[in-house]
Amino acid sequence: MLRRTFLAVALAATALATLPADARALWTKAAAASWSDKQPWLVGSNYNPATAINEFEMWQADSFDPAQIDKELGWAQAMGMNTMRVYLHNMLWENDAAGFKQRLDQFLTIAAKHKIRPVFVLFDSCWDPNPVSGPQHPPIPGVHNSGWMQAPGAARLADRSQYGKLEAYVKDIVGTFAKDERILAWDVWNEPNNEGGGNYKPTPNKKALVAGLLGQVFDWAQGVDPVQPLTSGLWIGDDWTSLDKLDAVERIQVTRSDIISFHDYNWPEKFLARATQLKVYGRPLLCTEYMARGNGSTFDTVLPIGKRLGIGMINWGFVDGKSQTRMPWDSWKKPYTYDEPTIWFHEVLHTDGKPYRQAEVDLIKRLSAAPKFVVPAAPN
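As the structure is a computational prediction, the values presented were derived from the model and not from experiment.

A.B. asks: Sorry, what's going on with the packing of aromatic side chains here?
C.D. replies: Two numbers describe a pair of aromatic rings. These are the distance of the centres and the angle of the planes. For the structure on display, the rule yields 22 aromatic pairs. Geometrically, the ring pair formed by tyrosine 290 and phenylalanine 299 is edge-to-face, given 6.0 Å between the ring centres and 90 degrees between the ring planes. Each member of the pair tyrosine 290 and phenylalanine 299 is classed as buried. An aromatic cluster of at least three residues, connected via ring pairs, comprises Tyr47, Trp59, Phe64, Phe100, Phe107, Phe120 and Trp186. Between lysine 307 and the ring centre of tryptophan 41, over which it is positioned, the NZ or CZ distance is 5.1 Å.

A.B. asks: Help me out: how do you make sense of the packing of helix α6 (residues 97-113) against helix α8 (residues 163-176) in this one?
C.D. replies: Helix-helix packing: each pair is described by the crossing angle between the helix axes and the interaxial distance. Where α6 meets α8, the axes come as close as 11 Å, and the angle between the chain directions of the two elements is 35 degrees. For the pair α6 and α8, the crossing hand works out as right-handed. Taken together, the residues of α8 that come into contact with α6 (itself represented by Ala97, Phe100, Lys101 and Leu104) are Tyr169, Asp172, Ile173 and Thr176. Grouping the amino acids of the contact of α6 with α8 by side-chain chemistry returns five nonpolar, one polar and two charged.

A.B. asks: Which parts of the structure should I look at to understand the packing of helix α4 (residues 66-78) against α6?
C.D. replies: Where α4 contacts α6, the two axes come as close as 9 Å, and the packing angle between them is 30 degrees. Classified by the interaxial angle, the pair formed by α4 and α6 is roughly parallel. Considering only the axes of α4 and α6, their crossing is right-handed. Residues Pro66, Ile69, Asp70, Leu73 and Gln77 of α4 form the contact with α6, whose participating residues are Gln106, Phe107, Ile110, Ala111 and Lys113. By residue class, the composition of the contact of α4 with α6 is six nonpolar, two polar and two charged.

A.B. asks: Which parts of the structure should I look at to understand the sheet that holds strand β5 (residues 230-231)?
C.D. replies: Sheet strands pair by backbone hydrogen bonding; their relative direction is either parallel or antiparallel. Taken together, eight strands build an open sheet; the order of strands is β5-β4-β3-β2-β1-β8-β7-β6 and the sheet is parallel. Sheet topology places β5 and β6 (260-263) at the edges, where each strand pairs with a single neighbour. Sheet contacts for helix α11 (residues 268-278): β6, β7 (285-289) and β8 (312-315); angle to β6, the most-contacted strand, approximately 160 degrees.

Conventions adopted
- Residues numbered from 1 in each chain as written.
- Predicted model: local features only at pLDDT ≥ 70, side-chain atom pairs only at ≥ 80, totals over all residues.
- Heavy atoms only, no water.
- Phe/Tyr/Trp six-rings, centres within 6.5 Å; stacked < 30°, edge-to-face > 60°.
- Buried < 20%, exposed > 50% of the residue type's maximum accessible area, 1.4 Å probe, protein only.
- Lys NZ or Arg CZ within 6 Å of the ring centre and 35° of its normal.
- Axes fitted to C-alpha atoms, helices over the stretch in contact; angles between N-to-C directions.
- Helix = DSSP H or I, 4+ residues; strand = E, 2+ residues; numbered from the N terminus.
- Left-handed = near helix turned anticlockwise from the far one by under 90°.
- Contact = heavy atoms within 4.5 Å.
- Nonpolar A, V, L, I, M, F, W, Y, C, P; charged D, E, K, R; others polar.
- Parallel < 35°, antiparallel > 145°, perpendicular 65-115°, else oblique.
- Pairing = 2+ DSSP bridges.

Quick look at the structure:
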């Protein structure tokens, strides 16, 4: 226990020593708890509109679709959702900073109309390591998330001379909206120590490069003094109970996050075990990815646990569309081009807004309508 305490204190001291002079500090545990106490029970989905294959198609001027977003967020509001986790990309800012920020503001106006406060994701280590802006390729038939792009891409991650552009992106985007109460939180990097997934070529030395950059990203975001919490979620490994059991990236995630976030796509008992492990850090918990029906993670079994424990719950996938995440992960090895999967992997609604399974929508409504920590009995 003494070794664990010393490691935590040492890492926190190092983080404070490297902060810019004008940066806000990591929230105290009391400040994080106070923020959490003011929130409703948080429930929502990872979101991109059905018409977008990825971040570029969602946000670029030629394909940004506010009418579609308004319609879909209306469906989310109707089932009691109050947050959405939404991905950004550094290249969107580099190509059109003013236009990108205008569209972010427009999105926030639509979301606020539906009483939804998003979590914005700044960087992402998953899927295609060679992002390309402009017109996007059509979905690969039968394949899960076949057009998603990493941010930053492999070349940019490996080129430290380009980090200034990443810094400018973070400071401008977070800084512009630092006092905007329409935003719930900033997820500074999704699954930073993920090797990528799919059939893409791995990025050489990726974890070491990310470990060298992630702390800087927290510095940049803290440096513009946002009122929203910063976080980056743990997602892999069996034991998160102490810093000495985490890798270099995970230690940064835990010691620099104002609130602790995590992903879990496993059976409910595994979800409960991971949530219990994370309580040791004494901060509010937000599950920013879960719900993979074929993997044992379902609304029926996991969502009530999150509600009872007061954990914010954001599932993967809202409306079926060009991302095709109704297909399971193994579709990268065996595309579902002949038959649909037996059960949908992700997603809540069909493209026309009809629930994939009405009982799931009814559950979300029932849980979101009840007081925090209360799981109402199912109707007879």
